[in-house]
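Here is how the chains run, residue by residue.
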Amino acid sequence: MKQEAGTYRLERRQVVHFTIGSENYGLEVEQVQEIIRPLPVTRVPFAPAFIEGVINLRGSIIPVIKLDDLLGRQLSENNGYSRVIIAHFQEITVGLKVDSVKGVVYLNIDIDDPILKQAQIKTRYLSGIGKLNEQLILLLDLASLLEDVKLNKQEEKC
Amino acid sequence: MDVSRYMDIFVAESQEHLDNLNKNLLLLEKNPDNKSVLYEIFRSAHTLKGMAATMGLERMAELTHEMETVLTLLKEGKIAVKQDIIDLLLSCLDDLNAMIRGFVNEGKEPSIAQGLIDALRKLSEGGSDSSQEQTKSSDLEFNEYELSVLKASKESNYKSYHIIIELAEGTVMKSARAFMVFRCLEDFGQIIKCIPPVQDLEEEKFDNSFEIFLITMDDAEKIATNLNNISEVRVASITEVNIDKSLSAVSAAKNNNKDDSKVENSIISSKALHLKTVRVDIDRLDDMMNLVGELVINKTRLEQIASGYRMSELEEAIEQMGRLTTDLQSLVMKVRMVPIRQVFDRFPRMVRDISHSLQKNVELVIEGEQTELDRTVIDEIGEPLVHLIRNALDHGIEPPDERVAVDKPKTALLRLAARQEGNNVIIEVEDDGRGMDIDEIRKQAINKGFIDPREMEHLDDKAVLNIIFEQGFSTNNTVNDISGRGIGMDVVKSKIESLNGTIDIETEKGKGTKVIINLPLTLAIIQALLVKVGEEQYAIPLHSIDETTFLIPEQIKMVQNHEVFLLRDMVLPLIRCSRLLEVPTADKKNSEEFVVVVHKGAQRLGLVVDELVGQQEIVIKPLGNLLAGIPGIAGATILGNGQVATILDVNSLF
C-alpha cells in the first residue's frame, strides 16, 4: 500500500505501557498474557545470548529475554516497581523484564512515522510509534524480536 | 465445507481402519474361508470410503470404492481369495496410507498410481463375468440343523430360496427396513438363515445388503414383487438353493464354522471393549500430567515447611496428602500408557513382505502385545524395532535350503516379545537363525580398523558383540535393500539410549540371536541426583550415573593437557562442571573434589561438582519452544522450593 507524502497512517490500538530506563514502550495487549513481579531466574547453560534464564511460572518453565540488551537500553537498579511481562506470540511464551508497567492505554499508532525511518532510534524491534500526552511510546514488535532470538540460537548451534 | 477441524479425528480413525484392514487381510490370507473376517474387512473399507468422501478426498474414495467392489466379489464368492488379490489389496493400503500422510503434510490429496485402480477394476470385471456359474453354491454354508431343515423341506416339496436384499443408498433406518423384509417373508414361509446374523441386522451392523434363506411353497417372482413393494428395498437376486451341493460341503463348512465363531466372538468382545473407552486428546493428558507434577512439587514443599514446625496434626495431614498424590500420580501415568500392540501390529505385514522378497519362510510369533508403555516411549520405539526385525530377517535367518541342510525346520521362527519387569519393560527380538559369528566380528573389527589387534585379545565375547553397535560396522559384505549398510545398530542403540533404555545381545552360532531391550515405563518422571555447582543446582539422571566418589588433588593427573583420574585401574577423563557450564561464581579450590561418574554405553567419565545435594524424584519439564534443542541440556525441573534446576544431558558430554 502506498501512502502519500505528509499523511499519517494511524491505527488505534490498546497497548500495555511500560518503561525501560528512561524510554517508554508499548506492547499490544493481545500479546500480553500477564504481568508478574520478578521471580528468581535460573541461568541455562549453553543458552543463546539474549536469554537471561528461565523462571517457574506456576509450574511452566518460561524463558526470560534480556530485553534491555536487545533494545540497547539499560534497566534501572531495582526500585520496587520492576515487573516481568509474560508475552506470547504464536507458540512461544517469554518473559520480558521491564523497569515499570504504567498501565493499559489506547494509542493512535502511526506505523509509518518518519521518525522511525530516520535511524535515530534503533528501529529493528519497533513496529510503530504513538503519542500519549506529550510522551512518545515505542511499540514493540515481538515477532521480529523473537525471530532474532531464535536466529541467534541457530547460529550458535552451527 | 471447512473440514480442517475434523482432520485429527479423520487421521486417527482412518489410521485405525487401515491397521484393522492390514491385520484382517493377513488373517484372511491364512484363513481364506473365514467369512466374518471378510465382513470385518469390508466394513472397514466401506467406512474408509465414507470418511474419505466426507473429507473431499476423491481419489481416496475412488480407490476404496474399487477395493470395495473387489471385496464384494470375494464376499459373494465370485472370486476366490488368492495370494495375488491379497497382495493387491495390501498395496492399496500402502497407497491409502501415503495419501493420508500426503493430505496431512501438504493439505491436499496427492495423486495416486492409476495402476492400482486399473488392476482392481480388471479383477472385479474378470471376476463378475467369468465365474457366474460356480458362484451361488460356494458361499452357502449351513450348519447341521439348517441342513436337516433344508433336507426335510425338500422332501415335502418346499422350495428353498437364497435371496439377496439391497437397501437404497442412504437408507436411514436400516434395521427397520430389514424388519419389514422379515415380516413380509414370514408370510410366505420360514426363514432359516440370514447373513449377517439377525442380531447384527438389528444393531445395523451391516452395509446396504443382506442375504436370507427362505423355505416356501410360493414361487420366486411373487416373493420378489412383494419385497420390491417395500420402499427403499430392492431384491438383488433370488435363486433356488441346490441342497445336494451344500450337503457335500457340509464337513468342510463345519470346520470353518468353528473358526468363524471364534473370530466372531473376538470381534464382538473387542467391540464391547471399545464402548468402555473414551478418546482423549493427548495434549489434555499432557496437561494433566503437568498438573500432577505440580502437585508432587507442592507436596515436597509442604513437607519441607512442616518439618520446621513439628506439628503432628499437620504432619499427619501432609502424609495423607502425600499418599493421595502418589496414587493420583500413578493413575495418571497409567492413563498415559498405551499397549505396545500399537507398534507390534505393523510387524506381521512387514515380516510377510520382507520374507517373501527374500524367499525365506518365517513365522512371526508375537507375545505380550498388551504390555503397556508410556505414550512418549511408544512413539519412539517403532523405528529401532524395525531395524532389529529387518536385521533378523536378512542376516539372522537362513534361506530354507540352508536351514534344511543343518537339520533345522524349514520355517524359521521370529519371536517378538514384550513384558513388564518392575518399572521397566523388556522387549525381545529373537530369531532361530544362524546367530552371529564372534570370530568373524573380531576379524572384521580388526580389518576395518575399529579395534587394535592387541587390544582385541583382552576383549571378552560380550565386549566384542558391543562392537556391532559402533557406527559404520557391518559384517555383511553385500549391501541390499533391507539391511547391511552398516547404519543399523548404532542408530538403534542411540535411540534406545535416548529413551533411557539399554540394549543387549545374546547369540549362539548356529542357534540364533536374541536382542534384549530394557526400557523405563515412562520418561516424564525420573530419579535424579541433585548437585550444586557454585550456587546453581543441576539434576543428573540417576540411570546414567555409575557411582559418586571424591578425589584429593593428588589423584588428578594430566594427560595431554586433560585432567584424568584413576578409578579402580581405569583411567577416566575428568570434566569440571563449573567450567563446562560456565558457572560464574564457581572455581573455588576445594580440598576434596566430589566426582559423579557417569556413563554412556561402555564409556565413562567423571564430573566434578561442588556439592552432592541428594537423590530425588523429579518431573521433567520441557524448556519451551524457544529453548528446545540446546545441546547438553535435557530439560528442566522444578524443585521443592519452587526454583528451576536444569537437567544435564549426560549423553551429549561424550
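Residues numbered from 1 in each chain as written. Chains lettered and ligands numbered in written order. Predicted model: local features only at pLDDT ≥ 70, side-chain atom pairs only at ≥ 80, totals over all residues.

K.L.:
Is there a simple way to think about the overall build of chain B in this case?
P.N.:
Each helix and strand in chain B was counted, giving 23 helices and 22 strands. Sorting the 654 residues of chain B into buried and exposed places 31% on the buried side. The long-range share in chain B, meaning contacts at least 24 apart out of those at least 6 apart in sequence, stands at 69%. (Helix = DSSP H or I, 4+ residues; strand = E, 2+ residues; numbered from the N terminus. Buried ≥ 20, exposed ≤ 12 C-beta atoms within 10 Å, placed from the backbone. Contact = placed C-beta atoms within 7 Å.)

K.L.:
Which parts of the structure should I look at to understand the interface of chain A and chain B?
P.N.:
As a measure of interface size, the accessible area lost when the parts come together is often cited. Chain A puts 21 residues into the contact, and the matching count from chain B is 22 residues. When contributions to the side of chain A that touches chain B are tallied by element, the ones reaching two or more residues are strand S4 (51–57), strand S5 (60–65), strand S7 (92–98) and helix H3 (142–157) of chain A. Among the elements that take part in the side of chain A that touches chain B, S4(A) stands out by supplying 4 residues, more than any other.

K.L.:
What is the right way to read the sheet that holds strand S9 (residues 424–431) of chain B from this model?
P.N.:
Backbone hydrogen bonds are what pair the strands of a sheet, in a parallel or an antiparallel way. Residue and element names in this part refer to chain B. Reading across from one edge, S6-S8-S9-S11-S10 is the order of the 5 strands in this open sheet, with mixed pairing throughout. Both outer strands of the open sheet, strand S6 (362–367) and strand S10 (502–508), are each paired with one neighbouring strand and no more. The sheet shows a mean angle of 10 degrees between the axes of neighbouring strands, direction not considered. Two strands pair when backbone bridges link them, and S9 and strand S11 (residues 512–520) are joined in this way by 8 bridges, in the antiparallel orientation. Within S11, the position partnered with valine 429 by the bridge is valine 515. Against the sheet, helix H16 (residues 347–358) touches S6 and strand S8 (412–421), its axis set at about 165 degrees to S6. Packed on one face of the sheet, helix H17 (residues 375–396) meets S6, S8, S9 and S11 and runs near 20 degrees to S9. (Pairing = 2+ DSSP bridges. Axes fitted to C-alpha atoms, helices over the stretch in contact; angles between N-to-C directions.)

K.L.:
How should I be thinking about helix H14 (residues 312–335) of chain B in this particular structure?
P.N.:
Between its first and last C-alpha, H14(B) extends 35 Å over 24 residues, near the 34 Å set by a 1.5 Å rise per residue. By the criterion of burial, H14(B) is predominantly exposed, with just 1 of the 24 residues buried. (Expected span 1.5 Å × (residues − 1).)

K.L.:
For this particular structure, what's the right way to read the packing of H16(B) against H17(B)?
P.N.:
The description of two packed helices rests on the angle between their axes and on the distance between the axes. Residue and element names in this part refer to chain B. In contact at an axis separation of 10 Å, H16 and H17 are set at 25 degrees when each is read in the N-to-C sense. If you check the angle between H16 and H17, you find them roughly parallel. The way H16 lies across H17 gives a crossing that is right-handed. Taken together, the residues of H17 that come into contact with H16 (itself represented by Phe347, Met350, Val351, Ile354, Ser355 and Leu358) are Ile389, Arg390, Leu393 and Asp394. Looking at the contact of H16 with H17 residue by residue, the class counts come to 7 nonpolar, 1 polar and 2 charged. (Parallel < 35°, antiparallel > 145°, perpendicular 65-115°, else oblique. Left-handed = near helix turned anticlockwise from the far one by under 90°. Nonpolar A, V, L, I, M, F, W, Y, C, P; charged D, E, K, R; others polar.)

K.L.:
Is there a simple way to think about the environment of Ala417(B) in this case?
P.N.:
The residue Ala417(B) is located in strand S8 in this model. Through-space distance from the C-alpha of Ala417(B) to that of Phe344(B) is 9.4 Å; in sequence the pair is 73 residues apart.

K.L.:
How should the pairing of S10(B) be read in this particular structure?
P.N.:
Consecutive side chains of a regular strand alternate in pointing toward one face of the sheet and then the other. All names here are of chain B. As paired strands, S10 and S11 are joined by 7 bridges and run antiparallel to one another. Across the sheet, threonine 507 pairs through a bridge with threonine 513, a residue of S11. If you look at the hairpin formed by S10 and S11, you'll find 3 residues sitting between the two strands, and glycine 510 has a positive phi there, around 85 degrees.

K.L.:
Sorry if this is basic, but what is going on with the confidence of the model for chain A here?
P.N.:
Should pLDDT be low for a region, the predicted coordinates there are not to be read in detail. Residues of chain A with pLDDT of at least 70 account for 80%, and the chain-wide mean is 81. Below a pLDDT of 50 lies the segment residues 1–6 of chain A, which in the model reaches 2 contacts outside its immediate sequence neighbourhood of four places, other chains included. (pLDDT = per-residue confidence, 0-100.)

K.L.:
So what exactly am I meant to see when it comes to the sheet that holds strand S21 (residues 633–638) of chain B here?
P.N.:
Residue and element names in this part refer to chain B. Strand order in this open sheet of 5 strands is S20-S12-S13-S22-S21, and the pairing throughout is mixed. Two strands lie at the open edges of the sheet, namely strand S20 (611–619) and S21, each paired on one side alone. In this sheet, adjacent strand axes meet at a mean angle of 35 degrees when their direction is disregarded. For S21 and strand S22 (residues 644–648), the ladder comprises 5 bridges, and the chain directions are antiparallel. Each bridged residue has a counterpart across the sheet, and for glycine 635 the counterpart in S22 is isoleucine 647.

K.L.:
So what exactly am I meant to see when it comes to the confidence of the model for chain B here?
P.N.:
Residue and element names in this part refer to chain B. Averaged over chain B, the pLDDT score is 78; the fraction of residues at 70 or greater is 86%. Within chain B, the lowest mean pLDDT, 39, falls on helix H6 (residues 132–138), and the highest, 92, falls on strand S13 (residues 536–541). Confidence over residues 128–139 falls short of pLDDT 50; this stretch has 15 contacts with residues more than four positions distant or in other chains. Of the regions scoring below 50 in pLDDT, residues 477–486 engages in 19 contacts with residues more than four places distant in sequence or in other chains. Here the complex is predicted with pTM 0.50, and the ipTM for its interfaces comes to 0.82.

K.L.:
Mind showing me how you'd approach the nonpolar core here?
P.N.:
Taken as a class, soluble globular proteins show a tendency for nonpolar side chains to be buried jointly. With 80 residues, the main nonpolar core has Leu27(A), Val54(A), Ile85(A), Leu140(A) and Ile540(B) as its most contacted residues. If one sorts the elements of this core by residue count, strand S12 (residues 525–533) of chain B sits on top with 6 residues. Two domains each put at least three residues into this core: domain 3 (282–336) and domain 5 (525–653) of chain B. Excluding anything up to four places from it in sequence, Leu27(A) contacts Val15(A), Val16(A), Val32(A), Ile85(A), Ala87(A), Leu140(A) and Leu142(A). The next biggest cluster of nonpolar side chains, apart from the first, holds 37 residues, and it includes Val362(B), Ile467(B), Val515(B) and Ile517(B). (Core = buried A, V, L, I, M, F, W, Y, C linked by C-beta atoms within 7 Å. Domains from an automatic or database assignment.)

K.L.:
Teacher, can you tell me more about the pairing of strand S1 (residues 159–167) of chain B here?
P.N.:
By the bridge criterion, 8 bridges tie S1(B) to strand S3 (residues 209–216) of chain B in an arrangement that is antiparallel. Counterpart to His162(B) in the pairing with S3(B) is Phe213(B).

K.L.:
I'm lost on the packing of helix H1 (residues 7–30) of chain B against helix H2 (residues 35–54) of chain B in this one. Help?
P.N.:
All names here are of chain B. Contact pair H1 / H2: the axes reach a minimum separation of 9 Å and the direction vectors enclose 155 degrees. The orientation of H1 relative to H2 falls into the category roughly antiparallel. Relative to H2, H1 is oriented so that their crossing is left-handed. Between H1 and H2, the residues in contact are Phe10, Glu13, Ser14, His17, Asn20, Leu21, Asn24, Leu25, Leu27 and Leu28 and Val37, Leu38, Glu40, Ile41, Ser44, Ala45, Thr47, Leu48 and Met51, respectively. Per-class residue counts for the contact of H1 with H2 are 11 nonpolar, 6 polar and 2 charged.

K.L.:
I keep staring at unusual backbone geometry and nothing clicks. Help me out?
P.N.:
The bulk of non-glycine residues show a negative phi, and the bulk of peptide bonds are trans. Residues and elements named next belong to chain B. If you check the backbone angles, arginine 568 has positive phi at about 45 degrees while not being a glycine. With respect to the helices and strands, arginine 568 occurs in the loop between strand S16 (562–567) and strand S17 (570–576). Located in the positive-phi region is aspartate 569, a residue other than glycine, with phi close to 75 degrees. Structurally, aspartate 569 is set in the loop between S16 and S17. The class for aspartate 569 is exposed, based on 5 C-beta atoms found within 10 Å.

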